[in-house]
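Listed below are the residues making up each chain.
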Amino acid sequence: MAQDKIRRNPEELRSHRWYGAQDLRAFGHRSRTAQMGYQRTEYAGKPVIAIINTWSDINPCHSHFKQRVEEVKRGVWQAGGFPVEMPAISLSEPFQKPTTMLYRNLLAMETEELLRSYPADGAVLMGGCDKTTPALIMGAISMNLPAIFVPAGPMLRGNWNGVTLGSGTDSWKYWADLRAGKITEADWQGVEDGIARSAGHCMTMGTASTMTSAAEALGLTLPGAASIPASDSRHAQMAALSGRRIVDMIWEDLKPSDLLTAASFDNAVTTVLALAGSTNAIVHLIAMARRAGIALGVDRFDELARRVPVLANIRPSGAFLMEDFYYAGGLRALLAHLGDLIVRGTRTVNGRTLGENIAGAVVYNHDVIRSRDNPLVASDALAVLRGNLAPGGAVIKPPAAEPRLHRHTGRAVVFADYNDMAARIDDPALDIDAECVIVLQNAGPQGAPGMPEWGQLPIPKKLLEQGVRDMVRISDARMSGTSYGACVLHVTPESSVGGPLALVRDGDPIELDVPARKLNVLVSDAELARRKSEWQAPAPKFERGYGLMYLRHVSQADTGCDFDFLETPAGPVGTADPEIH
Ligand code: FES
């Protein structure tokens, strides 16, 4: 490292308070470091790099992190830092119930408190499986130490008898085919064995690919990092380079508050839209922005959606997968193709602007990464709906819905909660047809609780057998980014707190008009007021522990589902640091 890059001296390092003093406490810290086999020359005066590692035996998306953390450490050592691995809770999307979203804020808190309570000068954040990305970044924003994000990288394409399979997306597709009798149990077994065949996160444009790409657009990763498949050797190289870079970031005192601006969040939103990314990004980016003191709201997504084209031809909205996207040039190429829709002057972790990082990026496959004059979809990758059913907004992903349903009025078929839906949806006696609107209540942040990804409500088996593949479906839940369909999500306020969704009854006409951004239940105000007066709040789902804290403090979807006591902007480093006793 060139000496002229150092702007701080070692005594200014936060870790110096633990290691540098000549007192009994520092003696204890040094003697216990010696206990782990380190000599003082290996760490004295060096930045301490906390590597927040979300590896777990229960998280297949991060199964390579045991190896990747060694590569991060190698980079830290090479650059003159002292790496300290700090495991944190892994939010494993396939396994954690009722939903990883219930625990996003817990990982955010853990990240912040690990950094606060230990001698960290900066952080490498290792995540990628869905909520791990926003959680790690939210915690790092609040602590506001130099931080760099190492995205887990997508897994390789799935394969079954030569057919390419995409995470989630093809699970739903072949599950519907199995239920409709179009494939056999043996076929279904083949899909199960072939759909996830390497380390890495979901390789469709689900929440993982969406949020790691958003992190790169925010300037929190090295250029190009988010697109590299997990099992590609260049992913290991990126991990080592991230370890090298964080050491210089500490000497340069380059913190999240130096990088994150309203413009960088606009870049992240624009990126999500151009990727036809997951609707979950709305909740997460709003929460991340609010941690940084930036007033990002749902309407900004709608404003930008009206002018940002979808350029990434990736499932579920398109045809390809993240591996194809990487070979086609990856996120740098897509951002370069967006031209003046991207603010180029925003700063990034490598010390350069986003514009400098994407300059000269080339598209190698123009079907995978389209140009602005040949987009996959011209605009409206997401739409924010309002009306008497969603005064605080609701969200739909129009490209994932059959176009005939963009304007639709149908009678409601209402399920009071998930269990009610699971019990009755396939009942042959259920009074439902393809024009009906399926409504699920009590699936929001408080209701489920945790706002699970239940929003792709199942189509009744008897309608599947008739060939129906899409219907208008409405809930206060979220939806997996790998899902598709005319699913209206994030209805706010949610039904469990008495939002209008709670007042819908079987047979009520519901009007969806995506071009006009409207969502209404066609029932008189007087009747809705009468129903509201009879409405009773459901019993709380938790009476103790983290769940109770969650219920007391979680906000609604339009403000990011963060805890009210965590929504504070990044402050100067050290304002909340502990005294060392
Ligand atoms: Fe981990 Fe999809 S299950 S990203």
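The structure displayed is predicted, hence computed values, not measured ones.

Asks: Got a minute to help me understand the pairing of strand β13 (residues 509-513) in this structure?
Replies: Regular strands have side chains that alternate between both faces of the sheet. In the sheet, strand β9 (residues 407-415) pairs with β13 via five bridges, with the strands oriented antiparallel. Among the inter-strand pairings, Gly410 is bridged to a residue of β13, identified as Ile510. Judged from the four bridges that link them, β13 and strand β14 (residues 518-521) form a sheet pairing that is antiparallel. Note that in β14 the partner of Ile510 across the bridge is Val521. The hairpin formed by β13 and β14 contains four residues between the paired strands, and Arg517 there has a positive phi angle of roughly 60°.

Asks: Sorry if this is basic, but what is going on with the packing of helix α11 (residues 262-274) against helix α12 (residues 280-291) here?
Replies: Axes are the key here: two packed helices are described by the angle between their axes and the distance separating the axes. Between α11 and α12, the least distance of the axes is 11 Å, while the angle of their chain directions is 170°. Here α11 is positioned roughly antiparallel relative to α12, judged by the angle of their axes. Here Phe265, Ala268, Val269 and Val272 of α11 lie close against α12, whose contacting residues are Ala281, Leu285, Met288 and Ala289. A per-class count over the contact of α11 with α12 returns eight nonpolar, no polar and no charged.

Asks: Explanation requested: the packing of aromatic side chains in the structure shown.
Replies: One pair of aromatic rings is described through two measures. These are the centre distance and the angle between the planes. Following the criterion strictly, the structure yields 13 aromatic pairs and no others. Measuring from centroid to centroid gives 5.5 Å for Tyr103 and Tyr546, while their planes differ by 20°, and the two rings are stacked. Here Tyr546 lies in helix α20 (residues 545-553) and Tyr103 lies in helix α4 (residues 101-117), a separation of 443 residues in the sequence. In terms of burial, Tyr103 and Tyr546 fall into one category: buried. Residues Phe563 and Phe565 carry aromatic rings whose centres are separated by 5.6 Å and whose planes lie at 25° to one another, so their mutual orientation is stacked. On the accessibility criterion, Phe563 (0% relative accessible area) is buried. Residue Phe565 is classed as partly exposed on the basis of its relative accessible area, which comes to 37%.

Asks: What is the right way to read the nonpolar core from this model?
Replies: Nonpolar side chains in soluble globular proteins generally cluster together in the buried interior. Counting 119 residues, the largest nonpolar core has Leu285, Phe325 and Leu334 as its most contacted members. Residues contacting Leu334, with those up to four places away along its chain left out, are Ala274, Leu275, Leu311, Ala312, Phe325 and Ile369. Within the second largest apolar cluster, 27 residues are counted, among which are Ile396, Val491, Ile510 and Val514.

Asks: What's the story with α4 in this structure? I'm lost.
Replies: Spanning 17 residues, α4 covers 25 Å between terminal C-alpha atoms, matching the ideal 24 Å at 1.5 Å per step. For α4, a buried count of 13 out of 17 residues is recorded, marking the element as mostly surrounded by other parts of the structure.

Asks: What am I meant to see in helix α8 (residues 207-217) here?
Replies: For α8, a buried count of 11 out of 11 residues is recorded, marking the element as mostly surrounded by other parts of the structure. Looking only at α8, the buried set comprises Thr207, Ala208, Ser209, Thr210, Met211, Thr212, Ser213, Ala214, Ala215, Glu216 and Ala217.

Asks: Quick question: what am I supposed to make of the environment of Asn520 here?
Replies: Along the chain, Asn520 falls in strand β14. For Asn520, a relative accessible area of 15% gives the class buried. Sequence-wise, Asn520 and Pro509 are 11 residues apart; in three dimensions their C-alpha atoms are separated by 8.6 Å. Setting aside its immediate chain neighbours within four residues, Asn520 contacts Gly387, Asn388, Leu389, Pro509, Ile510 and Glu511. Only 2.8 Å separates the side chain of Asn520 from the backbone nitrogen of Asn388, close enough to count as a polar contact.

Conventions adopted
Residues numbered from 1 in each chain as written. Predicted model: local features only at pLDDT ≥ 70, side-chain atom pairs only at ≥ 80, totals over all residues. Heavy atoms only, no water. Pairing = 2+ DSSP bridges. Helix = DSSP H or I, 4+ residues; strand = E, 2+ residues; numbered from the N terminus. Axes fitted to C-alpha atoms, helices over the stretch in contact; angles between N-to-C directions. Parallel < 35°, antiparallel > 145°, perpendicular 65-115°, else oblique. Contact = heavy atoms within 4.5 Å. Nonpolar A, V, L, I, M, F, W, Y, C, P; charged D, E, K, R; others polar. Phe/Tyr/Trp six-rings, centres within 6.5 Å; stacked < 30°, edge-to-face > 60°. Buried < 20%, exposed > 50% of the residue type's maximum accessible area, 1.4 Å probe, protein only. Core = buried A, V, L, I, M, F, W, Y, C linked by side-chain atoms within 4.5 Å. Expected span 1.5 Å × (residues − 1). Polar contact = N/O pair within 3.5 Å; in protein donor to acceptor, adjacent residues only side chain to side chain.

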